[in-house]
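Spelled out from the first residue to the last, the chains are:
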Amino acid sequence: MGTTSDKLQAIVQSKGEIKSALQNQGKNPTDVLSTYGGLIESIDQVEFLNEEIWKFSGHEGIVRSLAVDIDGNVYVGGDDKTVRKISPDGQEIWKYTEHTGAVRSVAVGIDGYVYSAGGFDDETVQKISPDGQEIWKYTGHTGAVTAVAVGIDGYVYSGGEDHSVRKISPDGNEVWRCTKHVYFANSVAVDLDGYVYSGSDDSVQKISPDGQVVWNFASDKIQPLSVSADIDGNVYVGGVDKTVRKISPDGKEIWKYTGRIGDVNAVAVDLDGYIYFGGDDNYVRKTRPVIGTFYMNGLPDIPINVYNVQKKFTEIHGMEPIMVWSFTGHTDHINAIAVDLDGNVYSGAWDGSVRKISPNGQEIWSFTGHTDHINAIAVDLDGNVYSGSDDKTVRKISPNGQEIWKFTGHTYKVNAIAVDSNGNVYSGSNDETLRKISPNGQEIWKYTGHIDNTGSTYYNIINAIAVDSNGNVYSGSNDKTVRKINPNGQEIWKFTGHTDKVNAIAVDLDGNVYLGGGNGIVVKVNPNNEKIWEFTRPVSFVSAVAVDVNRNVYAAGFDKAVRKIRNNTVLQKIAYYD
């Protein structure tokens, strides 16, 4: 995420581009303004504003700390010695009363467990279950515990009036302590990389995962009481100066907000950018930052607040792409291509070999364990490769090119393969079945839903398979249908819009589709079904297409070559406001 001025500049730049589209996702999701930019009269940058959404007044004393979980539930601790769980709409869910002193700090993990820190007459860190029951209690501090945080790995961090910051294991044992603060450690937070942020009376420190100080943001005016970090490593600090500050990952102040009427004892930020404040007025407030406003032509007196800006790029046209390299190691038609997260390419051909090719086009290894043509290839997150062949087998191959297992359940050629995030393999064949195979090579189920409606022996051959993040499987066949199948092998729906057999397709992270066919051309189509470019270098039938995370395209066909192609397009800039 950029700074306030960066985000506003994103809107300004869109105004001067080919088009500008502004979508109001907050107040009315159906209110879409697609303009040519000229309708935007002006854009104003604001210092920092907040809109109040709700206010919870159940505490009987000063609110000292709060935290927010991934579902929007809020956890609050205060001088009334309680921890409260509050629903996203501001209603109390449960109250925890095991502390013997004021609750100075609370935190919540991604698994829903809550951590609370006790002040005078308590001096403990306590772990609380998602339903409000005590799990364990840490008693290592020698003074009031004023701060607690938890990382994504379950390690807990606490700060106290003994001037120390402690790292505590998930089962409640101390890992290390850092004692570099001169004054009390009033607040503590941890980011996704395990870096810890602690606030004392005159500074904020960044501490490495092994307990060493990285930087020190010092000011005699801050006196921080609470620290929170967002997913981008930005830090939010509230203190006795009645101010909330946002500090960049490298220790620079981005903005400050001075609209509070008392000390800011607690500050938190959720995944959607909503900011929560608690302080000496006993209230908890949910707010969202207003980073700017703009005005439309004809409505000069009606400012529209901008809360969040996300830049997106839609390709509107393109030139013929650029070929990066061509690999010519195969001796027969290439039928299959896959690419892993590191940019390594895997190709299978009628010469019976599977080849691993480096990102710069050099062969790494060749697997020749099949006894017939290779028709399908997939690669999992660990670099294991799966190949299907006319020899009726599916093979699992290690990252260094050695066979791990062989599946022989099919009774005819294997045409298609996919693998899910759990290592389950899906194969489709000329035997008109789709099989789910376990990571160790055992059949889990067999799907036979593609039906021969013509009497032709091979009418419902399965040519293409894909699997989504939820384990649903998609199969394309000579019967001109695409089927969606659930993880248990049951059909969910059937798509019958095709007028010819379904073969091969690839989709990138932006939703652009890449098609290769018998005319020897690779075509790129955007999500709006508009052709972006076509690549005509292949001189014969294109039988395989793949795309990597960097949007490089790989094409292969009957000319025995694998080609890496770089996208070459003109972008349309679009800014959305929320």
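Placed above this text is the structure.
Residue numbers run consecutively from 1 along every chain, following the written order of its sequence. Local features in a predicted model are, by the rule used here, given only for residues with pLDDT of at least 70; side-chain atom pairs are given and counted only at 80 or more, and totals for whole chains, interfaces and linings are based on all residues. Derived side-chain values reflect all non-hydrogen atoms in the structure, with water molecules and hydrogen atoms excluded from consideration.

Things to note about the overall build of the chain
Runs of E in the DSSP output that reach at least two residues are strands. Runs of H or I that reach at least four are helices, and both are numbered from the N terminus. Broken down by element type, the chain carries one helix and 55 strands. Only protein chains enter the accessibility calculation, which uses a 1.4 Å probe; a residue whose area is less than 20% of its type maximum is buried, one above 50% is exposed, and one in between is partly exposed. The 578 residues of the chain split such that 55% are buried. Of the roughly 25,300 Å² that the chain leaves accessible, carbon and sulfur atoms contribute 46%. In these tables, accessible area is a Shrake-Rupley quantity obtained with a 1.4 Å probe, and a residue counts as shielded only by the protein chains included in the view.

Focus on the sheet that holds strand E36 (residues 374–379)
Spatial ordering of the open sheet is given by E36-E37-E38-E39, a layout of four strands whose pairing is antiparallel. Unpaired on one side and paired on the other, E36 and strand E39 (403–407) mark the two borders of the sheet. Neighbour to neighbour, the strand axes of the sheet diverge by 20° on average, direction disregarded. Between any two strands, pairing holds if DSSP finds at least two bridges. Two elements, strand E38 (residues 394–397) and E39, share four bridges in a ladder whose sense is antiparallel. Within E39, the position partnered with Arg395 by the bridge is Lys406. The convention used is that axes are lines fitted to C-alpha atoms, helices contributing only their stretch in contact, and that angles between N-to-C directions extend from 0 to 180 degrees.

Considering the sheet that holds strand E13 (residues 145–150)
As summarised here, the arrangement of the four strands in space is E13-E14-E15-E16, forming an open sheet in which the pairing is antiparallel. Two strands bound the open sheet, and with one partner strand each, they are E13 and strand E16 (174–178). For this sheet the average axis-to-axis angle between neighbouring strands, irrespective of direction, equals 20°. Summarising the sheet, E13 and strand E14 (residues 156–160) pair through five bridges and their orientation is antiparallel. Following the sheet pairing, Val148 is matched in E14 by Ser158.

Describing the environment of Asn512
For Asn512, the location among the structural elements is in the loop between strand E48 (506–507) and strand E49 (513–516). Note on Asn512: relative accessible area 4%, which makes it buried. Each C-alpha atom, one on Asn512 and one on Lys524, is 6.9 Å from the other, the two residues being 12 residues apart in sequence.

Examining the packing of aromatic side chains
Working definition: a ring pair exists when centres of Phe, Tyr or Trp rings (six-membered ring for Trp) sit within 6.5 Å. Plane angles under 30 degrees give stacked, over 60 give edge-to-face, the rest tilted. Applying the stated rule across the entire model yields seven aromatic pairs. Taking the centre distance of 6.3 Å and the plane angle of 50° together, the rings of Tyr346 and Trp365 count as tilted. Taken together, the residues span a long stretch of sequence, with Tyr346 in strand E33 (residues 345–349) and Trp365 in strand E35 (residues 363–367) at a distance of 19 residues. The residues Tyr346 and Trp365 share a single accessibility class, namely buried. Relative to Trp445, the ring of Tyr426 has its centre 6.3 Å away and its plane inclined at 50°; by these criteria the two rings are tilted. Highlighted residues: Tyr426 in strand E41 (residues 425–429) and Trp445 in strand E43 (residues 443–447), separated in sequence by 19 residues.

Here's the deal with the pattern of salt bridges
Salt bridges are counted wherever a side-chain nitrogen of Lys or Arg sits within 4 Å of a carboxyl oxygen of Asp or Glu. Overall, the coordinates contain 12 salt bridges when judged by the stated rule. Its salt-bridge partner being Arg355, residue Glu363 comes within 2.9 Å of it at the nearest N-O pair. With a relative accessible area of 37%, Glu363 lands in the partly exposed category. A salt bridge links Arg435 to Glu443; the nearest nitrogen and oxygen atoms lie 2.9 Å apart. The exposure class of Arg435 is buried, given its relative accessible area of 6%. Linked by salt bridges that have partners in common, Asp162, Arg166, Glu174 and Arg177 make up one network.

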